[in-house]
Amino acid sequence: MSVTTGGDMPYRAPRLFIGGAWRAGSAETRNPVINPATEAVLDELTHASPRDLDDALAAVARGFKVWRATPAAARQRVLLQGVQNLRAQREAIARLLTLEQGKPLAQARMEVDTAADMVQWYAEQARRVYGRILPAPQPGADYEVRKEPVGPCLLMSPWNVPVILAARKLGGALAAGCSCILKPPEETPASVAKMVECFIEAGAPDGVINLVFGVPQRVSSHLIASDVIRKISFTGSVAVGQGLAGLAAPGLKRLTLELGGHSPVIVFDDADVDAVARQLVVAKFRNAGQLCHAPTRFFVQKGAYARFVDTFAAAASQLRVGDGMAEGTDMGPLANGRRLSAIRELVAATRADGTVVTGGERVGDTGYFHQPTVFADVSPDAKAMRDEPFGPVALIRAFDTPAQAIELANATRYGLGSYVFTDSARLQRQMITELEVGSVAINSTVVTVAEAPFGGVRDSGYGYESGEEGLDSYLHTKFVNRNHSA
Ligand SMILES: NC(=O)c1ccc[n+]([C@@H]2O[C@H](COP(=O)([O-])OP(=O)(O)OC[C@H]3O[C@@H](n4cnc5c(N)ncnc54)[C@H](O)[C@@H]3O)[C@@H](O)[C@H]2O)c1
Ligand SMILES: O=S(=O)(O)c1ccc(CO)cc1
């Protein structure tokens, strides 16, 4: 049986792409790709064997030699053509994404748009990787600072926003002149492979982009152990990030880790409470809450608290939960069975530490659906206030003073996004200064854009993606002392 994507195209799990050719993975392991809305098996994904991985390493090393010598303007042309292809494939990719990940089709389309925008920014920046000349103290000499691609990269991206997160890594690496082996999530492989195809068809030379799937731990340990790989970029959980840092340590490989978050929202009394609550419901439940920077802990000043809880819960309860392919769905299922179990456990445990004002239950018994769930008066000691929910659960608590809000907001080991709602310049400044996070949105729910760095502190990881800092993470800096008189 084959599942159609809504057009004429049947769903097919992708193959590997190594050294310029597609091939089935030759490992004995495989995994089913499951539609989270129906639990139906869409197809089986073949895995890379150690031999496939060795071929990918040889290919990415060859690809690097070609790509680093390709002028920036030519690299830019390939990337911009890839972006154009991506936009042309928007509907096909969005449908694959909804089928294998569950998000509503409108959000899947937006994901393709954002991915295209992020790669476009990197492509435009590819011709602006400047070095500099410094005055040298001796006559007849120049001090020169050059930026060069760091080398073949291993890029590993997760299943929550698979197209954006893979495209952002790919765009940065390719713009900088690096070749790459991309290992997307095995649970949502087809949407990412179709995105990758756009850049292959745009003319990326053989070996510059390689695509592998497998048992994640086996793939990462095999590839990171190789001298060929000079940089690793990973988005995923803290535990896996810590393990990868250990694997990268012996080779002193560069590492960008974009890990979890438990983003605080601070709403002061002067905010337009109803409008802010409704805006936050959209941000909170987008992608069924499975975003590393999703707003999760809502701290609301006492004067605005009751009204905020009422408006937020009412808006959350009106969200239509269903198959992402169905017209009118606001929130799809969780992406996999592990997430549904984790959210059910979290909700059960939090009942003792707060009041459920809406939601709290699984929806139906087929598909990984869960109600948008809102807890009020949540104890700061609740486990849920420490551990990242990564799902459709909002935790609300009142605060009195700005200092209390800061103390509550900084009380996790994460430090990724944060959101502040107030028109007071004094409070805005205090929050910007005292929040221990990678980004602060003031009167906005947007913390990640193509032109600005996105990264975290503490358990949220290190390094940046997007913006100049994102591009710089694929470059190393070489100092040249050029003596003309010798
Ligand atoms: N930062 C993010 O955007 C993001 C995305 C997905 C998951 N997560 C975190 O992960 C938690 C659980 O998700 P999960 O059940 O998929 O957990 P997980 O830790 O098993 O997997 C997370 C991602 O890492 C990959 N992965 C796992 N082990 C790996 C390894 N040894 N080497 C390389 N890649 C590896 C997986 O393929 C997956 O894409 C979530 O609660 C959330 O905290 C974060
Ligand atoms: O869709 S985005 O807002 O660009 C985005 C960026 C990062 C992450 C990490 O989970 C998710 C979504």
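Every chain is numbered on its own, with residues counted from 1 as its sequence reads. Chain A is the first chain written and ligand 1 is the first ligand written, with later ones labelled in order. It should be noted that, the model being predicted, local features are given only for residues of pLDDT at least 70 and side-chain atom pairs only at 80 or more, the latter also being counted only at that level, while totals for whole chains, interfaces and linings use all residues. Only hydrogens and water are removed before side-chain values are computed, so all heavy atoms of the structure are retained for them.

Identification of the protein chain as Succinate-semialdehyde dehydrogenase/glutarate-semialdehyde dehydrogenase from Hydrogenophaga laconesensis is taken from an unreviewed UniProt entry. Comment text from UniProt for the protein chain, heading Sequence similarities (unreviewed entry), reads "Belongs to the aldehyde dehydrogenase family." UniProt positions are given in the numbering used here, feature names are shortened, and annotations may be inferred rather than shown by experiment.

A few words on the pairing of strand β12 (residues 263-267). To sort residues, take the accessible area from a 1.4 Å probe on protein chains only and compare it with the maximum for the residue type: under 20% means buried, over 50% means exposed, and anything in between is partly exposed. Comment: elements are numbered from the N terminus, with helices defined as DSSP H or I runs of at least four residues and strands as E runs of at least two. For β12, the tally of buried residues reaches five of five residues, placing the bulk of the element in the interior. Alternating residues of β12 divide into Ser-263, Val-265 and Val-267 and Pro-264 and Ile-266, and every residue in both groups is buried. When DSSP finds two or more bridges between a pair of strands, those strands are recorded as paired. Here β12 pairs with strand β13 (residues 295-301) via five bridges, running parallel. Bridging from a neighbouring strand, Val-265 pairs with Phe-298 of β13. Of the crossover connections in this fold, the one passing from β12 over helix α9 (residues 273-285) to the parallel β13 is right-handed. Relative to strand β17 (residues 419-421), β12 runs parallel, the two being bridged by three bridges. Within β17, the residue paired with Val-265 across the bridge is Tyr-419. Convention used here: a crossover is right-handed provided that the path from the first strand, over the helix, to the second strand proceeds clockwise when the strands point away from the viewer.

Once that is clear, we can look at the packing of helix α7 (residues 216-225) against helix α8 (residues 238-248). Helix-helix packing is characterised by the crossing angle of the two axes and by the distance between the axes. Following both chains from N to C, one finds α7 and α8 inclined at 25°, their axes separated by 9 Å at the closest point. One finds that α7 runs roughly parallel with respect to α8. As for how α7 packs across α8, the hand of that crossing is right-handed. Of α8, the residues touching α7 (which contributes Ser-220, Ser-221 and Ile-224) are Leu-244, Leu-247 and Ala-248. Classifying every residue of the contact of α7 with α8 by side-chain character gives four nonpolar, two polar and no charged. Interaxial angle, 0 to 180 degrees, is taken between N-to-C directions of lines fitted to C-alpha atoms, where a helix line uses only the stretch in contact. Roughly parallel covers angles under 35 degrees, roughly antiparallel covers those over 145, roughly perpendicular covers 65 to 115, and oblique covers all other angles. Take the far helix as your reference; a near helix turned counterclockwise from it by less than a right angle gives a left-handed crossing, and one turned clockwise gives a right-handed crossing. The contact criterion used throughout is that any non-hydrogen atoms of two residues lie within 4.5 Å. For this classification, the nonpolar set comprises Ala, Val, Leu, Ile, Met, Phe, Trp, Tyr, Cys and Pro, the charged set comprises Asp, Glu, Lys and Arg, and every other residue, Gly included, is treated as polar.

Attention now moves to unusual backbone geometry. In this structure, Glu-39 takes a positive phi of about 65° despite not being glycine. Of note, Glu-39 is situated in the loop between β3 (30-34) and β4 (41-46). The exposure class assigned to Glu-39 is partly exposed, which follows from its relative accessible area of 35%. Not every positive phi belongs to a glycine, and Phe-390 is a case in point at roughly 50°. Along the chain, Phe-390 falls in the loop between α12 (383-386) and β16 (393-399). Note on Phe-390: relative accessible area 13%, which makes it buried.

We define proximity as follows: a residue is near a molecule or strand when any one of its heavy atoms falls within 4 Å of that partner. Near ligand 1 there are 23 residues, and of these Trp-159, Ser-220, Ser-237, Arg-338 and Glu-388 occur at the shortest range. Polar contact is defined as a pair of N or O atoms within 3.5 Å, subject to the rule that within protein one atom must be able to donate a hydrogen and the other to accept it, and that residues adjacent in sequence are counted only when both atoms are side-chain atoms. Residue Asn-160 places a side-chain N or O atom 3.2 Å away from an oxygen atom belonging to ligand 1. In this structure, Ser-220 approaches ligand 1 through a side-chain N or O atom, which is 2.8 Å from a nitrogen atom. Contributing elements (two or more residues each) for the shell around ligand 1: α7, β10 (231-235), α8 and α11 (337-350). The biggest single contributor to the shell around ligand 1 is α7, with three residues. Of the residues belonging to the shell around ligand 1, the class tally is ten nonpolar, seven polar and six charged. In this entry, domain limits derive from an automatic or database-based domain assignment. Looking at which domains feed residues into the shell around ligand 1, each of domain 1 (16-259 + 460-479) and domain 2 (263-449) supplies at least three.

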